[in-house]
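Single-letter residue listing:
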2 protein chains.
Amino acid sequence: MEETVAHAVRETALRAKEAAKALTLAPRSVKDAALAAIAAALEANTAAVVAANQLDIAAGRDNGLTDGLIDRLTLTDARIRGIAQALRTLIALPDPVGELVRGATLPNGLKLRQVRVPMGVVGMVYEARPNVTVDAAGLALKSGNAVILRGGSAAENTNAAIVKLLRAAVAAVGLPEDCVQTIDALGRAGVTALLQARGLVDLVVPRGGAGLIQTVVAQASVPVIETGVGNCHVYVDAAADLTKALAIAVNAKTQRPSVCNAAETLLVHQEIAAEFLPAALAELHRLGVRLHLDAEALALLPGGIPAEPALADDWAREYLDLELAVGVVPSLDAAIAHIARYSTGHTEAIVTEDLAAAQQFTDQVDAAVVMVNASTRFTDGGEFGLGAELGISTQKLHARGPMGLAELTSTKWIVLGSGQVRT
Amino acid sequence: MEETVAHAVRETALRAKEAAKALTLAPRSVKDAALAAIAAALEANTAAVVAANQLDIAAGRDNGLTDGLIDRLTLTDARIRGIAQALRTLIALPDPVGELVRGATLPNGLKLRQVRVPMGVVGMVYEARPNVTVDAAGLALKSGNAVILRGGSAAENTNAAIVKLLRAAVAAVGLPEDCVQTIDALGRAGVTALLQARGLVDLVVPRGGAGLIQTVVAQASVPVIETGVGNCHVYVDAAADLTKALAIAVNAKTQRPSVCNAAETLLVHQEIAAEFLPAALAELHRLGVRLHLDAEALALLPGGIPAEPALADDWAREYLDLELAVGVVPSLDAAIAHIARYSTGHTEAIVTEDLAAAQQFTDQVDAAVVMVNASTRFTDGGEFGLGAELGISTQKLHARGPMGLAELTSTKWIVLGSGQVRT
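Residues numbered from 1 in each chain as written. Chains lettered and ligands numbered in written order. Predicted model: local features only at pLDDT ≥ 70, side-chain atom pairs only at ≥ 80, totals over all residues. Heavy atoms only, no water.

(A) Layout of the sheet that holds strand S12 (residues 347-351) of chain B. Pairing in this open sheet of 10 strands is mixed, and the strands run S1(A)-S2(A)-S16(A)-S13(B)-S12(B)-S7(B)-S8(B)-S11(B)-S9(B)-S10(B) from one edge to the other. Edge positions in the sheet fall to strand S1 (100-105) of chain A together with strand S10 (308-309) of chain B, since each has one partner strand and no second. Judged from the 5 bridges that link them, strand S16 (residues 409-420) of chain A and strand S13 (residues 369-374) of chain B form a sheet pairing that is parallel. Note that in S13 of chain B the partner of tryptophan 413 of chain A across the bridge is valine 369 of chain B. (Pairing = 2+ DSSP bridges. Helix = DSSP H or I, 4+ residues; strand = E, 2+ residues; numbered from the N terminus.)

(B) Structural detail: helix H5 (residues 77-92) of chain A. In this model H5 of chain A runs 23 Å from its N-terminal to its C-terminal C-alpha over 16 residues, within 8% of the 22 Å that 1.5 Å per residue would give. Packing partners of the buried residues in H5 of chain A comprise helix H2 (28-44), helix H3 (46-62) and helix H6 (130-142) of chain A. (Expected span 1.5 Å × (residues − 1). Contact = heavy atoms within 4.5 Å.)

(C) Region of interest: unusual backbone geometry. Residues and elements named next belong to chain B. Its identity is not glycine, yet leucine 320 carries a phi of approximately 55°, on the positive side. Among the secondary structure elements, leucine 320 is positioned in the loop between S10 and strand S11 (323-329). Take leucine 320: its relative accessible area is 35%, and that puts it in the partly exposed class. For asparagine 373, which is not glycine, the phi torsion reads 55° and is therefore positive. (Buried < 20%, exposed > 50% of the residue type's maximum accessible area, 1.4 Å probe, protein only.)

(D) Examining the packing of aromatic side chains more closely. For the coordinates displayed, the defined rule picks out 4 aromatic pairs over all chains. Between the aromatic rings of phenylalanine 384 of chain A and tryptophan 413 of chain B, the centroid separation amounts to 5.1 Å while the plane-to-plane angle is 65°, which identifies the pairing as edge-to-face. Of the two residues, phenylalanine 384 of chain A sits in the loop between strand S13 (369-374) and strand S14 (392-393) while tryptophan 413 of chain B sits in strand S16 (residues 409-420), which places them in two different chains. Take phenylalanine 384 of chain A and tryptophan 413 of chain B: they sit in the same class, and that class is buried. (Phe/Tyr/Trp six-rings, centres within 6.5 Å; stacked < 30°, edge-to-face > 60°.)

(E) Region of interest: the relation of the copies chain B and chain A. For the match of chain B to chain A, the screw axis carries a shift of 0.0 Å, the RMSD comes to 0.0 Å, and the turn is 180°. Each copy turns onto its partner about a two-fold axis. Across chain B, the smallest distance between a C-alpha and the rotation axis is recorded for histidine 398 of chain B, namely 1.9 Å. (Least-squares fit on C-alpha atoms with pLDDT ≥ 70 in both.)

(F) Summary view of the environment of aspartate 56 of chain A. Residue and element names in this part refer to chain A. Counting through the fold element by element, aspartate 56 comes out in helix H3. Judged by relative accessible area, aspartate 56 falls into the buried class, the value being 2%. C-alpha of aspartate 56 to C-alpha of aspartate 354: the two residues are 298 residues apart in sequence and 51 Å apart in space. Setting aside anything within four residues of it in sequence, one finds aspartate 56 in contact with Leu73, Ala154, Ala155, Glu156, Asn157 and Thr158. A distance of 2.5 Å separates the side chain of aspartate 56 from the side chain of threonine 158, its partner in a polar contact. (Polar contact = N/O pair within 3.5 Å; in protein donor to acceptor, adjacent residues only side chain to side chain.)

(G) Just the interface of chain B and chain A, in detail. Taken together, the 64 residues of chain B in the interface contact 64 residues of chain A. When the buried surface of chain B facing chain A is broken down by residue, Leu397, Trp413 and Arg422 of chain B rank first, second and third, together holding 16% of it. For the pair chain B and chain A, the number of links is 10 salt bridges. Applying the counting criterion to the chain B and chain A interface returns 43 residue pairs in polar contact (both at pLDDT 80 or more). Breaking the side of chain B that touches chain A down by element, the ones donating at least two residues are strand S2 (111-118), helix H10 (242-254), helix H14 (355-364), S13, strand S15 (401-402) and S16 of chain B. Considering every element that reaches the side of chain B that touches chain A, the biggest residue donor is S16 of chain B, with 11 residues. Here the residues of the side of chain B that touches chain A are counted per class, giving 32 nonpolar, 18 polar and 14 charged. (Buried area = accessible area lost by both parts, 1.4 Å probe. Salt bridge = Lys/Arg side-chain N within 4 Å of Asp/Glu carboxyl O. Nonpolar A, V, L, I, M, F, W, Y, C, P; charged D, E, K, R; others polar.)

(H) Expanded view of the pairing of strand S12 (residues 347-351) of chain A. All names here are of chain A. The element S12 is largely enclosed, with a buried count of 5 among its 5 residues. Residues Thr347, Ala349 and Val351 point to one face of S12 and Glu348 and Ile350 to the other, with burial holding for every one of them. With 4 bridges connecting them, strand S7 (residues 232-236) and S12 associate as parallel partners. Across the sheet, residue tyrosine 235 finds its bridge partner in S12, namely isoleucine 350. Looking at chain direction, S12 and S13 are connected through 4 bridges and run parallel. Of the residues in S13, the one forming a bridge with glutamate 348 is valine 370. Running through helix H14 (residues 355-364), the crossover from S12 to the neighbouring parallel element S13 is right-handed. (Right-handed = clockwise from strand over helix to strand, strands pointing away.)

(I) Region of interest: the state of the cysteines. Across all of its chains, the model carries 0 disulfides over all chains by this definition. Of all cysteine sulfurs, the one in cysteine 260 of chain B lies closest to cysteine 232 of chain B, which takes part in no disulfide; the gap is 6.9 Å. (Disulfide = S-S within 2.5 Å.)

(J) How the structure looks around the packing of helix H13 (residues 332-342) of chain B against H14 of chain B. Residues and elements named next belong to chain B. At a minimum axis separation of 11 Å, H13 and H14 run at an interaxial angle of 20°. Regarding the angle of H13 to H14, the classification is roughly parallel. For the pair H13 and H14, the crossing hand works out as right-handed. Contact residues: Leu332, Asp333, Ile336 and Ile339 in H13; Ala357, Gln360, Phe361 and Gln364 in H14. (Axes fitted to C-alpha atoms, helices over the stretch in contact; angles between N-to-C directions. Parallel < 35°, antiparallel > 145°, perpendicular 65-115°, else oblique. Left-handed = near helix turned anticlockwise from the far one by under 90°.)

(K) View of the side chain of serine 410 of chain A. Structurally, serine 410 of chain A is set in strand S16. Only 2.9 Å separates the side chain of serine 410 of chain A from the backbone oxygen of lysine 396 of chain B, close enough to count as a polar contact.

(L) Expanded view of the confidence of the model for chain A. The pLDDT averaged across chain A works out to 95; a share of 100% of its residues lies at or above 70. Scored as a complex, the prediction yields pTM 0.92 and ipTM 0.94. (pLDDT = per-residue confidence, 0-100.)

(M) Structural view of the environment of valine 328 of chain A. Residues and elements named next belong to chain A. Locating valine 328 in the fold gives a position in strand S11 (residues 323-329). Owing to a relative accessible area of 12%, valine 328 belongs among the buried residues under this scheme. Spatially, the C-alpha atoms of valine 328 and leucine 284 are 16 Å apart, while their sequence positions differ by 44 residues. With residues up to four places along the chain from it excluded, the contact list for valine 328 reads Val268, His269, Gln270, Ala273, Leu277, Asp294, Glu296 and Ala297.

This is the structure we're talking about:
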């Protein structure tokens, strides 16, 4: 059985590689036409997609999926319009393929150009997020890559309906339909085979919970980019504007608590803790946030507001929920040291009006995104103007932060000579 | 024993991580001073390094190393001057850290900057090339990275002498000496532990033969960049200038046959084969090249010149020696198809005066470097103006082609706001 699955995945990858050859050479107009055809097909077939989605939702409820997961799984008319709109945003972005990265003419007359080229075949492993099916296919097509999708069993009816539309739309503009394929039917053994298809698959991006990502990293012999785990901090400096600090802390924690760029820990400089924390804790509580406080923060908690002492492992937890760890730190250095210890390298924010503090924080904090006076929630490909995002890389190799079109490309050096030889 | 080695490697990596913190913040002047101190120390201690090198050479001869490996292993006064000179070239290059990659001001006023930052801790696994000890340390220091070196048992006396100089030079300018460390004393178990030090080591680059590289890729759970295997082709098009073609083919094969950017296969369009091949084969033979010819090429071989029929696996072989496979192809498309089948994605060259052929070849050939009318031997960090090189990446993720300073960096997004929250 596993042999058969591995063979099927390799055949899928070979078809993808063949399709990628056509896609590599496709001009922007054809790729944009494919994205437009997909957007139109989604809008024209909204009822069918929603019907398939209802099957997955019903099965999900039977299987006891949490409300959060059901919410992620759910497609509505409005959400499908939003997904189609995201494709149109992608259409408006420049084609990354052929973009000049660097160039030079050497003393011997050789003309060097480093240009962006597609990666080739990209695998996407995710769970219960049917919007990713379209986002990933759209980003892959625009950047000239064939994509192999594995969207997980919880969304299998929805994804099957969407992939059918994607393949038909791609074929309608004259591109090989194997530019988009799914291996959902091959189950978990299919994922394992995909992760081992070295030489056939140029990149796999996992997107989902920490468990999914760790499984992919552990099993993969193909190149992988880790995404997503975000233990994000907001640090309120001694020189913070406390109005901004409250707005940012509240937004970072409560605006959408289930996502990776939500804040999980609030650190407050001791000099302004007595002024800032009582009102901030009261407001967070009013918004439904469960509070885990260190001793200094507990001492500043207004009467009548419940809170728990922060335990050692609260500092490392990605709650992904309306829960927040809160600590008081003696200095900016102590805040940076705390972040260095517990950060997952996703997004870290400082609130301060002090230029030197902002400079030290952005210099010394090692994360994909470092914010000054802004909510951690802005770490997002759409917000950054990259179009839809494939995920948020928390590793340092190749891509770091929101992954858009450029991150789905490699480069090629093209060297033009007139007969030069090396001496 | 392996437990002890793994522990020692983790301690080494932790020291490197600590040293990297200082190096990340070091200004260019301090890093350049470290490189200058290394260059001066190498020149002042040439006799001691050469004496250590003589021990390795004697042991290498006893152990039956090939002449090619002995040559790579050998350091002379002149070679050491060359290595010091390469460091001075690096000093003259801009600091990659802090370089702005992209930037934008968003509609909501957020100011986005993507800047280059050091990777952190870089491991280098190589064999019998003591020049790499200095090149890798120089590139790592200039790009703000701590480096852990594993230079192989064949060069252990030489590398020990060099690493001692490197650490003293780094300390002399006020940087932590643990910016440069070696794990040569820990043997092969040390390499395995290094490759498994996930979370402590940000990147490992293997440099050496195909066996070394495959071992590293198979064992690593840390990010790896594959380097070096080069089955490079020179294709002589129907529209080639045959004088240039001969010079390029001869240079690509014979100028330094033991290296990865030397050509291993010569493909010739059938329209000019009768005009080109007899003289070309005679000249290659005169220069000592052993010839493996397909049937059409054999038919054009001048009398009195020995050659063997090319076997199926000759097209896939990286001879790394004065041997060459030669084939006649019916078309440019056939040449591109042959290269797609056998290329290792290193360097591929076309010789042609036809713009459309050059364009098709550079568009369709999938390799780190594609040359038009130039010798494959130019694929080299020094030749490309990148300073010394860490190796030549043949993968698509993060770095492709010669790896210089920029390839040893990651990026960080810095976002400056004035209190923005997400709605």
